[in-house]
Amino acid sequence: MTPSEFLHAYPFVYTLIGLAALCLAAWAAYGATRLTLARVVGPLAKRTAFIGDELLVEHRVVHRLAYAVPSLVIHAGAGLVPGMPEVLLILIRNVASAFTAITLMLATGAFLNVVNDLYARRPGAANRPIKGYLQLLKIVLYTVGAIIAVAFLTERSPLLLLSSLGALAAVLTLVFKDTLLSLVASIQLTSNDMVRVGDWIEMPQVNADGDVIDIALHTVKVQNWDKTITTVPTYRLISDSFKNWRGMQQSGGRRIKRALNIDLASIRFLTPDERTALRRFALMRPYLDAKQAELEAWNASHPDRAAEPVNARRLTNIGCFRAYVQAYLRAHPRIHQGMSLMVRQLAPGPTGVPLEIYCFTATIAWAEYEAIQSDIFDHLFAILPEFGLKVFQQPTGWDIQTAIEDAPGARKIALLANS
């Protein structure tokens, strides 16, 4: 049987060949369109000084526009396929039209993302963001695009679909309340990049403190540090507040924020001998030299005040200790020097004056962070008496026993009688 006789005997082969040729033409049109847009849009944007050319690529605006061309080719060429059944022809055209509408909708949404990123580069954009308005516009756009796509598939008027949806809105809202809440929450979490798998989040109101291991439509699973798993409804991440530690993990440093409570009774001015003794500390010498020069210059310019020590400017032991801690942290190899670093006094209270250490470690690993923090405070507690300072703590039985044992004669008997 010759090929011509075979084709006359089986006419559906003509249809298959025509469909294959149509698919090949659609694929070729997609490739040509994508290549043309890539070679035209990018150079054109650069020649016109358009600063968002890289954003067009990042948000895949050009790629999504290219997807619309194959569907248009299929819609236009479906009628040229020989022997195409009328029902199949209508179905192919409807699907192609719906796909074109969805593609244009997604491309427009991606372009709105480009607009938001370009606006965010402007000075003062943080004070007046437009992201919320663009998100509302995208919701309207996606809703209209979905209605148009369904209208193409069902060959119904979009207005008729809108009226039908309005009648079912109350029932759908009641039946699928949790699903709708979770769907909206999922969209917001994804579009705002609020949570990713692997993020460490903290949500005390639901006892969640650990890594996110799964994000589904209705639930987000968090594996806590004690290896238990907390399941959080997705919409709770939108309605309630939570802390995401991703910023800390990406920064490369973890904060140390802890205070030493200094006994107020141990704070005093330094004597000349004590100032000389502090020069034994290599970290203190630059500070002592600069501070001594500053004080001598001030006292020399105010001889009437410098005559009496009470009126002159003098070094204090807590000021020197604060400078030592600052220099110690600056020289510490495991402290991140590119982030905030300070040693400050907080308001004094019943437990003394807090001297707060505020800095960041050069690692985010939990065990290493705790070891660095402990080593720093081990050293500070041990070095504190060298400055004539004491750490405040509540009286203990050992303190009372030591006071009684050290009390002489009649005072000791009085203490024993009162105890």
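Further up the page is the structure itself.
Residues numbered from 1 in each chain as written. Predicted model: local features only at pLDDT ≥ 70, side-chain atom pairs only at ≥ 80, totals over all residues. Heavy atoms only, no water.

Caption draft 1: Quick look at the overall build of the chain. Broken down by element type, the chain carries 18 helices and eight strands. Expressed as a percentage of contacts within the chain between residues at least 6 apart in sequence, the contacts between residues at least 24 apart total 63%. Working note: accessible area of the chain is about 25600 Å², and carbon and sulfur atoms make up 64% of it. (Helix = DSSP H or I, 4+ residues; strand = E, 2+ residues; numbered from the N terminus. Contact = heavy atoms within 4.5 Å. Areas by Shrake-Rupley, 256 points an atom, 1.4 Å probe, with all protein chains shown as cover.)

Caption draft 2: Region of interest: the sheet that holds strand S5 (residues 243-244). Read from one edge of the open sheet, five strands run S4-S3-S2-S1-S5, paired in antiparallel fashion. Two strands lie at the open edges of the sheet, namely strand S4 (229-233) and S5, each paired on one side alone. Strand direction decides the pairing type here: strand S3 (residues 219-224) and S4, joined by five bridges, are antiparallel. Its bridge partner being in S4, valine 220 is matched across the sheet by valine 232. (Pairing = 2+ DSSP bridges.)

Caption draft 3: Examining unusual backbone geometry more closely. Notably, asparagine 207 is not glycine yet its phi reads approximately 60 degrees, a positive angle. For lysine 227, which is not glycine, the phi torsion reads 75 degrees and is therefore positive. The topology assignment puts lysine 227 in the loop between S3 and S4.

Caption draft 4: Highlighting the packing of helix H15 (residues 317-330) against helix H16 (residues 366-383). Taken N-terminus to C-terminus, the directions of H15 and H16 make an angle of 150 degrees; their axes are 12 Å apart at the nearest point. Relative to H16, the element H15 is oriented roughly antiparallel. The two elements H15 and H16 meet at a crossing, and its hand is right-handed. Touching Phe321, Tyr324, Val325, Tyr328 and Leu329 of H15 are Ile376, His379, Leu380 and Ile383, all from H16. Along the lines of polarity and charge, the residues of the contact of H15 with H16 split into eight nonpolar, one polar and no charged. (Axes fitted to C-alpha atoms, helices over the stretch in contact; angles between N-to-C directions. Parallel < 35°, antiparallel > 145°, perpendicular 65-115°, else oblique. Left-handed = near helix turned anticlockwise from the far one by under 90°. Nonpolar A, V, L, I, M, F, W, Y, C, P; charged D, E, K, R; others polar.)

Caption draft 5: Region of interest: the side chain of serine 186. Note that serine 186 resides in helix H9 (residues 177-191). Under the relative-accessibility criterion, serine 186 is labelled buried at 16%. Setting aside its immediate chain neighbours within four residues, serine 186 contacts Ala216, Leu217 and Thr234. (Buried < 20%, exposed > 50% of the residue type's maximum accessible area, 1.4 Å probe, protein only.)

Caption draft 6: Structural detail: the sheet that holds strand S8 (residues 353-361). With antiparallel pairing, the three strands of this open sheet are ordered in space as S6-S8-S7. Two strands bound the open sheet, and with one partner strand each, they are strand S6 (254-262) and strand S7 (342-345). Here the strands of the sheet are splayed against their neighbours by 20 degrees on average, with no regard to which way each runs. Sheet analysis places S7 next to S8, joined by four bridges and oriented antiparallel. Within S8, the position partnered with arginine 344 by the bridge is glutamate 356. Contacting S6, S7 and S8, H15 crosses the sheet at an angle of about 160 degrees to S7.

Caption draft 7: Summary view of the packing of helix H5 (residues 68-77) against helix H6 (residues 86-120). Running from amino to carboxyl end, H5 crosses H6 at an angle of 160 degrees, the nearest separation of the two axes being 9 Å. The angle between H5 and H6 places the two elements in the roughly antiparallel class. Pair H5 / H6 crosses with left-handed handedness. Two secondary-structure elements touch here, H5 through Ala68, Ser71, Leu72, Ile74 and His75 and H6 through Ile92, Arg93, Ala96, Ser97, Phe99, Thr100, Thr103 and Leu104.

Caption draft 8: Examining the packing of aromatic side chains more closely. Going through the model one piece at a time under the given rule, you end up with ten aromatic pairs. Ring geometry for tryptophan 225 versus tryptophan 366: centroids 5.8 Å apart, planes at 55 degrees, classification tilted. Of this pair, tryptophan 225 sits in the loop between S3 and S4 while tryptophan 366 is found in helix H16, placing the two residues 141 residues apart along the sequence. With relative accessibility at 48%, the residue tryptophan 366 sits in the partly exposed group. Look at phenylalanine 281 and tyrosine 324: their rings are 5.6 Å apart centre to centre, the planes differ by 65 degrees, and that puts the pair in the edge-to-face class. Taken as a pair, phenylalanine 281 in the loop between helix H12 (272-278) and helix H13 (285-301) and tyrosine 324 in helix H15 lie far apart in primary sequence, 43 residues in all. The two residues phenylalanine 281 and tyrosine 324 agree in class, both being buried. One aromatic cluster in this structure is built from Phe281, Phe321, Tyr324, Tyr328 and Phe387. Against the face of tryptophan 245 rests arginine 254, its NZ or CZ located 5.9 Å from the ring centre. (Phe/Tyr/Trp six-rings, centres within 6.5 Å; stacked < 30°, edge-to-face > 60°. Lys NZ or Arg CZ within 6 Å of the ring centre and 35° of its normal.)

Caption draft 9: Highlighting the environment of lysine 221. Along the chain, lysine 221 turns up in strand S3. Residue classification places lysine 221 among the partly exposed residues on the basis of a relative accessible area of 34%. Sequence-wise, lysine 221 and valine 232 are eleven residues apart; in three dimensions their C-alpha atoms are separated by 6.3 Å. Ignoring anything within four residues of it in the chain, the contact list for lysine 221 reads Asp211, Val212, Ile213, Asp214, Ile229, Thr230 and Thr231.

Caption draft 10: Quick peek at the nonpolar core. Within the largest apolar cluster, 33 residues are counted, with the highest numbers of intra-cluster contacts made by Phe321, Leu329, Ile357, Ile376 and Phe387. When residues of this core are traced back to their parent elements, those giving at least two are S6, H13, H15, S8 and H16. It is H15 that contributes the most residues to this core, seven residues altogether. Other than its neighbours up to four places away in sequence, phenylalanine 321 contacts Leu260, Leu355, Leu380, Ile383, Leu384, Phe387 and Leu389. In this structure, Val206, Val212, Val220 and Val222 belong to the second largest nonpolar core, which totals eleven residues. (Core = buried A, V, L, I, M, F, W, Y, C linked by side-chain atoms within 4.5 Å.)

Caption draft 11: Main features of the environment of threonine 363. As for its placement among the helices and strands, threonine 363 is situated in the loop between S8 and H16. Once residues within four sequence positions are removed from consideration, threonine 363 is found in contact with Gly252, Gly253, Arg254, Arg334, Glu368, Tyr369 and Ile372. For threonine 363, the side chain forms a polar contact with the main-chain nitrogen of alanine 365, separated by 3.2 Å. (Polar contact = N/O pair within 3.5 Å; in protein donor to acceptor, adjacent residues only side chain to side chain.)

Purely geometric stuff here, so don't read any function into it on its own.
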